[in-house]
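Fold and geometry: a report
This is what each chain is made of:
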Amino acid sequence: MTWLVPLLVLVPLLGAAGALGLLRHQKLQRAITVVALGVALAVAVTLMVLVDQHGTIVVQVGGWDAPYGISLVVDRLSALLLTVSASVLLVVLLFSIGQGLAPDDGEAPVTIYYPTYLVLAAGVLDSFIAGDLFNLYVAFEMLLVASYVLITLGGSEQRVRAGTTYIVTSLIASAIFLAAIGLVYGATGTVNIAQISERMAALPEHVQLLLHTMLLIGFGIKAAVFPLAFWLPDSYPTAPAPVTAVFAGLLTKVGIYAIIRLETIIFPRPQLNTALLIVAILTMVVGVLGAVSQTDVKRLLSFTLISHIGFMVMGVGLGSVVGTAAAVFYTVHHIVVQTTLFLVSGLMERVGGTTSTRSLGGLLKAAPLLAALYLVPAFNLGGIPPFSGFIGKLGLFRAAAIDGSPLAYATIAAGVVTSLLTLYALMRVWDAAFWRPKPAAEAAAPHASVAEPHEHLRSPEPAPLTVSEESGDVQRPAALPDGAAGSRSAAPVSGGAAPVTEAPDVTRASRPAAPATAQEGIGDAPEKVRLPRMLVGVTTVAVLGSVALTVVAGPLYGYATRAAESLESPDRYVQAVLGGTR
């Protein structure tokens, strides 16, 4: 079944080529993209089962044995992350289709969405099966090119500015990684990970430390660990909701995966474990303090993303099977839950017209289902039992307690504080956006009284939806020219026979104009908002997926433990890749 492994990269790339040739046929593009990711998911699930039953699967591309050829390696760790990543990619794709991210308007920034998304998927999946450092670098570059296109989708000033920050930071990380690859090759004569593992111990200690540090810095920027995460909060929130969701769920986890490989296969000795634990503490604490200080939902979630990366680094830094198993489980949990929260934030923005907690309000009355969709993953991320977030954190704390060092206990304290503050920040959003009524002052002049932090980086906001009391139609206030005074009238989104059936193009959404007075009722929460069924359905599936992690936590944690045990000694990996060529 080794022929399945290359399909993880070939199918998305061939799908991207096919979708690119059908720029005038968006329906065919959508079909090709869904089929390609569906095939990738089926292959990933199959490999996950096969690897668990029969061991690591290795493919030598072109029949050239390692280290002369390119090795593609699927073990339990990579198979698990392949399955979760393919699932998330497919769910987010369906959400973007429902949102109308690529409607039939023929504009280039929209028509390239599907092929670019498939290139991104190929880069993510290739990262998890790369058996040599240079192939891993190529996968990172595929991610970089595709993500830059997606993060600037629509070409607005805010997105281009944020995309510039993102790409400059990513290029710096890539340059550091490429320089490290050159030094590794110069020192060991190979870029094959298995062969590097064999030869690294023979190098002088200071050379190992230099190579270890350079690789860790390159991967740390990708993973957004402190102090290398400064780029993330200003980059992710400006993109459309589905793009932000897939970035938050997967791109940083590629960096975490690379760190796990680095610390278990290439440098299995505890050379920098103390530094990793310190970085984990700082990442957790600084990230969650940033989240607490935010008044924008997307920026708040971006900071919680950073803080919870610290939990994964904590598990790796403990340098034990128990710690690695907990880190792997928590990585899977975080991919699903963080992606879900960003999808929910997209629905909140669609209903309320903004993601600013100063302007949101009354969403519990306007969209009760949306309130439930937010609350479940928020509890999960905050670590409320019995959700998977609680199970993952408990596993990490147990691993730290087994370690027993003062620094390990410090990570437990930091983890507890981070969990409590995460829950506080998310519940503050619940109170502001769902529980309280929409502020009258913000209804009278939204965004005019107090300047939002980093307001210039926020994405354009769609106009809020209202409901006609007479007909029950969903309506959107008609936009006024800039600077116009007086009231504005509400225009139905569609005829009386059909409420909202298709989402507007988020790349061209405009900020609602401010009414002249608060008495016009614009600030009142609508009695009811009917969102497109596909958006609600896909988001519900994502939420149920996050709950399913709790239901299957036992088998999933067992799989993560077996994956960690296979990484305990790099000899298993080396033997699987090199075999008789050692």
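Note that this is a predicted model, so its numbers are computed, not measured. (Residues numbered from 1 in each chain as written. Predicted model: local features only at pLDDT ≥ 70, side-chain atom pairs only at ≥ 80, totals over all residues. Heavy atoms only, no water.)

Some words on the overall build of the protein
Within the protein one finds 22 helices and five strands. Counting the 582 residues in the protein, one finds 60% classified as buried. In the protein, the proportion of contacts linking residues at least 24 apart, taken out of those at least 6 apart, comes to 80%. Summed over all atoms, the accessible surface of the protein reaches about 20800 Å², with 67% contributed by carbon and sulfur. (Helix = DSSP H or I, 4+ residues; strand = E, 2+ residues; numbered from the N terminus. Buried < 20%, exposed > 50% of the residue type's maximum accessible area, 1.4 Å probe, protein only. Contact = heavy atoms within 4.5 Å. Areas by Shrake-Rupley, 256 points an atom, 1.4 Å probe, with all protein chains shown as cover.)

Concerning the confidence of the model for the protein
Looking at the protein as a whole, the pLDDT averages 81, with 81% of positions reaching at least 70. Overall, residues 101-109 carries pLDDT values under 50, and its contacts beyond four positions in sequence, including any with other chains, amount to 31 contacts. Confidence drops under a pLDDT of 50 for residues 442-525, and excluding neighbours within four residues, the segment shows 180 contacts in the predicted structure. (pLDDT = per-residue confidence, 0-100.)

Some points on unusual backbone geometry
The omega torsion across Phe226 and Pro227 is 5°, close enough to zero to call that bond cis. Looking at where Pro227 falls in the secondary structure, it is placed in the loop between helix H9 (205-223) and helix H10 (232-235). Of the consecutive residues Pro385 and Pro386, the connecting peptide bond is found in the cis state with omega at 5°. Relative to the elements of secondary structure, Pro386 occurs in the loop between helix H16 (368-382) and helix H17 (388-403).

Topic: the pairing of strand S2 (residues 71-74)
If a strand is regular, its side chains alternate between the two faces of the sheet. Of the two faces of S2, the one lined by Ser71 and Val73 and the one lined by Leu72 and Val74 are each fully buried. With four bridges joining them, strand S1 (residues 57-60) and S2 adopt antiparallel strand pairing. If you follow Ile57 over to S2, its bridge partner there is Val74. (Pairing = 2+ DSSP bridges.)

Describing the nonpolar core
If you look at the biggest cluster of nonpolar residues, it comprises 183 residues, and the most contacted ones within it are Met348 and Tyr374. The residues contacting Tyr374, other than those within four sequence positions of it, are Leu341, Val344, Met348, Leu426, Val429, Trp430 and Phe434. (Core = buried A, V, L, I, M, F, W, Y, C linked by side-chain atoms within 4.5 Å.)

Details of the packing of aromatic side chains
Per the counting criterion, the structure on display carries 16 aromatic pairs. Consider the rings of Tyr166 and Phe247, whose centres lie 6.2 Å apart with planes at 20°: the pair is stacked. With Tyr166 in helix H7 (residues 157-188) and Phe247 in helix H11 (residues 241-266), this residue pair connects regions lying 81 residues apart in the sequence. Ring-pair connections join several aromatic residues into one group, and the members of that group are Phe134, Tyr137, Phe140, Phe177 and Phe219. (Phe/Tyr/Trp six-rings, centres within 6.5 Å; stacked < 30°, edge-to-face > 60°.)

Thoughts on a nonpolar patch on the surface
Residues Phe134, Val138 and Leu178 make up a contiguous nonpolar surface patch of roughly 220 Å² in combined accessible area. Tracing the backbone through its elements, the reader meets Phe134 in helix H6 (residues 133-151). Here Phe134 falls in the partly exposed class, since its relative accessible area comes to 40%. (Patch = residues over 30% accessible without salt bridge, like charges linked within 9 Å, V, L, I, M, F, W, Y side chains within 5 Å. Salt bridge = Lys/Arg side-chain N within 4 Å of Asp/Glu carboxyl O.)

Topic: the pattern of salt bridges
Taken as a whole and assessed by the stated rule, the structure comprises six salt bridges. With its nearest N and O atoms 3.3 Å apart, the salt bridge here joins Glu205 to Arg269. One end of the pair, Glu205, is in helix H9; the other, Arg269, is in the loop between H11 and helix H12 (273-292), and 64 residues separate them in sequence. On the basis of relative accessible area, Arg269 is assigned to the partly exposed category, the value being 41%. Through salt bridges with shared partners, a single ionic network connects Asp52, Arg76 and Arg562.

Concerning helix H3 (residues 76-99)
For an α-helix the count is 3.6 residues per turn, leaving residues at separations of three or four pointing the same way. Between its terminal C-alpha atoms H3 stretches 35 Å, which fits the 34 Å expected from 24 residues at 1.5 Å a residue. In terms of burial, H3 is largely enclosed, as 21 of its 24 residues are buried. (Expected span 1.5 Å × (residues − 1).)

Quick notes on the side chain of Thr83
Turning to its location among the elements, Thr83 is positioned in helix H3. When sequence neighbours within four positions are dropped, the list of residues in contact with Thr83 reads Leu41, Ala44, Val45 and Met48.

A word on the packing of helix H14 (residues 321-352) against helix H21 (residues 553-567)
Put simply, H14 and H21 touch, their axes get as near as 8 Å, and they point 130° apart. In terms of orientation, H14 and H21 fall into the oblique class. Note on packing geometry: the crossing formed by H14 with H21 is right-handed. The segment H14 lies against H21, with Val321, Thr324, Ala325, Ala326, Val328, Phe329 and Val332 engaging Ala553, Leu556, Tyr557, Ala560, Thr561, Ala564, Glu565 and Leu567. (Axes fitted to C-alpha atoms, helices over the stretch in contact; angles between N-to-C directions. Parallel < 35°, antiparallel > 145°, perpendicular 65-115°, else oblique. Left-handed = near helix turned anticlockwise from the far one by under 90°.)

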